[in-house]
Amino acid sequence: MKKYYITTSIAYPNANPHIGYAYELVQADFLARYYRMSGHDVRFVTGVDAHGLKIQQTAAKRNMSPADFVNEQKDIYQKLADTIGVKYDRFISTEDEDHIAQSQCIWTKCMEKSDIYKKRYSAWYDIKEEEFLGLAEEGEDINSREKAAARFGVNAEFIEFIDEENYFFALSRFKDQIFEILSKDEYKIVPQNRKLELLNFVRDNGLNDISISRDRSKLSWGISVPGDESQVMYVWFDALINYITAAKFDGEDCWPADLHCVGKDIARFHALIWTGMLLSAKIELPKELLVHGFINHDGRKMSKSWGNVVDPMPLLEKYGSAAIRWFLLKEIPSTDDGDYSDDRLNAVYTADLANDYGNLVSRVWNMAQKYFDGKVPDLDLALLGNVEQMLVEEKWLAYHAFIEKRDINSALNEGHDLVVMCNRWIEENKPWVLAKDPDKELELAELIYELLETIRHITLMFYPVMPNICERVFRDVYNVSDLGVKAIEEGGYDAEFTDWGGLMPGSDLGKQSLILFPRLEVQKND
Ligand code: MSP
């Protein structure tokens, strides 16, 4: 089996997770599940970024040690991943022992290549973003916090001036190589506009060497620099290395990553700094960086100070994971900014899930119970017209092509189009009228077979977005045993499952009527 190693970024757990981070989890989980269903041996890693000044300060405010604070927060992040249905193979914390050793090992490799050196450094530092902001240009006066905040466009509350001896990474040495690697898609940046943005940045600004450590007296919460206890690694230096640490499973090394999923604010770290570090340490590069946009709330950026941060947990409690995953993946553009609003979530739940898909499944199951005694109509498949078959085949091609392009919204729309079409076939062909006419028995059998078979295909397409609901449909409607469901989960996009006519005529359907997405007061459904 071909391996596929996929990661999310690792979040700073200093505050609780919001819907924007949940989006990243769900997008990556969708792709992980998609590749699993395409027969890949998937390794999916997510987790938390434990170190840095921000964590140290937040822990101090709570009168906790950073280690205790991070452990407590890690559980909250892991609970979100579990509740939203993320199937990860490892939930890493950069406090994990193997990660500390791995970070020191890569540091040593870069040091041996003389790409790490020490120098005195003065710069403004953004604690919130854990990012060095730089210094005044010649003739410019930014010697106060307010002036620096205005100059760098950041919040004065979260910056500090650093003046100390640090280790530097010689990123500038790799400028041309990085430019070429990104331009040639040797490490592919998706979408294209992000790739161009990064290339323009490198071309216009060049790449400066970066500070990669702090004086322990200023920042103690981090990984020690090998051979120099007085210095602690810059949080980003160790955080990026988590992808290599986590690639090792029972002695097997899954590096290089096939896909890193991150947000637009950290694309530079992943495309430029990470690439430089790997080139220095002579480690293979990841294959692809998928950059998503930001989720706003009612058209505004989510921010603690505005009090408009959306907590995904109560939404999961109210709507269930399938609805939240569906909303995020179908409504938020895969590589652009999108908007969350309570009204929109409610409307999408009712329209797409309760009225369209949920209603279609229960309607067709009910008709099969009523007209065919709970069985798939027993007919000769050769008699079926091929319009529906061609349509489903076309939709599969488009579905896969969109996912290949990382356009998950459009892929899901292909499946959703089929749902809408099935509901239309029912309205147009009126099975309840056909059922009254004995001469129309074959016509009715064909219609119900085509509906059941098309819903089976739709359900396979929706599996990576709503695995729990689709599992129920396979079990309760199609009467597939647990073993069969497992086979679908791990090889569902094999011809065996996705060829038209996979549904056996005359076979028994499940006996249990099911309401997948209850209407009225929206209830939890999984
Ligand atoms: N710790 C670093 C990542 C290190 S990876 C080696 C970090 N953490 S973070 O908590 O600030 O962000 C985690 C992820 O959430 C990032 O990919 C970021 O882009 C994403 N998002 C933060 N706010 C978001 C939205 N409003 N919408 C969508 N994603 C958002 O950066």
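Above this note sits the structure.
Chemist: Account for the sheet that holds strand β4 (residues 116–126), with residues named and values stated.
Modeler: Strand order in the open sheet formed by four strands is β5-β4-β6-β8, and the pairing between neighbours is antiparallel. Taken across any chain shown, the strands that pair with only one partner, and hence form the sheet edges, are β5 (131–134) and β8 (210–211). Relative to strand β6 (residues 159–169), β4 runs antiparallel, the two being bridged by 11 bridges. Its bridge partner being in β6, S122 is matched across the sheet by D163.

Chemist: Can you break down the site of the ligand residue by residue, with the values?
Modeler: As a structural note, the neighbourhood of the ligand is formed by 24 residues, with I10, E24, D49, D265 and I295 the closest of them. Within the side chain of S9, an N or O atom sits 3.3 Å from an oxygen atom of the ligand. One of the backbone nitrogen or oxygen atoms of Y12 is found 3.1 Å away from an oxygen atom of the ligand. Relative to its free-state accessible area of 670 Å², the ligand is covered by the protein chains to the extent of 91%.

Chemist: Residues and numbers for the nonpolar core, please.
Modeler: Membership of the largest hydrophobic core comes to 106 residues, with the highest contact counts inside it found for I6, Y357, F462, M466 and F517. Those residues within four positions of F462 in sequence are excluded, and the remaining contacts are W326, Y357, L412, G415, H416, V419 and C470. Y5, A123, L199 and V202 belong to the second-largest nonpolar core, a separate cluster that totals 68 residues.

Chemist: Break down the packing of aromatic side chains for me, citing the residues and quoting the values.
Modeler: Taken as a whole and assessed by the stated rule, the structure comprises 30 aromatic pairs. Aromatic pair W107 and Y167: ring centres 5.6 Å apart, planes at 85 degrees, arrangement edge-to-face. Here W107 is found in helix α4 (residues 97–112), whereas its partner Y167 is found in strand β6, with 60 residues between them in sequence. Both residues of the pair, W107 and Y167, belong to the buried class. Their ring planes at 65 degrees and their centres at 5.6 Å tell us that Y121 and F132 sit as a pair that is edge-to-face. Remark: F132 occurs in strand β5 and Y121 occurs in strand β4; sequence separation between them is 11 residues. The exposure class of Y121 is buried, given its relative accessible area of 15%. The aromatic ring of Y125 is capped on one face by R214, whose charged end is 5.7 Å from the ring centroid. A cation over a ring is seen here: R268 above F201, with NZ or CZ 3.7 Å from the ring centre.

Chemist: A description of the side chain of H260 should follow, citing residues and the corresponding values.
Modeler: Among the structural elements, H260 can be located in strand β14 (residues 259–263). By relative accessible area, which is 0% here, H260 ends up buried. One polar contact links H260 to W274, side chain to side chain, over a distance of 3.2 Å. In this structure H260 touches T7, Y187, Y243, W255, W274, P286, E288, L289 and L290, once residues within four positions along its chain are discounted.

Chemist: I'd like to hear about the layout of surface pockets, residue by residue, with values.
Modeler: Estimates place the volume of the second largest pocket at around 310 Å³. Lining the second largest pocket we find 17 residues, and of these R456, V480, F497, G502 and L503 sit closest to its centre. Contributions of two or more residues to the lining of the second largest pocket are made by α16 (441–462), α18 (482–491) and α19 (495–498). Counting residues per element, the lining of the second largest pocket draws most heavily on α18, at three residues. Residues of the lining of the second largest pocket, tallied by class, amount to 11 nonpolar, three polar and three charged.

The rules behind each value
Residues numbered from 1 in each chain as written. Predicted model: local features only at pLDDT ≥ 70, side-chain atom pairs only at ≥ 80, totals over all residues. Heavy atoms only, no water. Pairing = 2+ DSSP bridges. Helix = DSSP H or I, 4+ residues; strand = E, 2+ residues; numbered from the N terminus. Near = heavy atom within 4 Å. Polar contact = N/O pair within 3.5 Å; in protein donor to acceptor, adjacent residues only side chain to side chain. Areas by Shrake-Rupley, 256 points an atom, 1.4 Å probe, with all protein chains shown as cover. Core = buried A, V, L, I, M, F, W, Y, C linked by side-chain atoms within 4.5 Å. Buried < 20%, exposed > 50% of the residue type's maximum accessible area, 1.4 Å probe, protein only. Contact = heavy atoms within 4.5 Å. Phe/Tyr/Trp six-rings, centres within 6.5 Å; stacked < 30°, edge-to-face > 60°. Lys NZ or Arg CZ within 6 Å of the ring centre and 35° of its normal. 1 Å grid on protein atoms, 1.4 Å probe; cavity = no way out; pocket = protein on both sides within 12 Å on 5 of 7 lines; lining within 4 Å. Points joined across faces, edges and corners; volume = space filled by probe spheres on them. Nonpolar A, V, L, I, M, F, W, Y, C, P; charged D, E, K, R; others polar.

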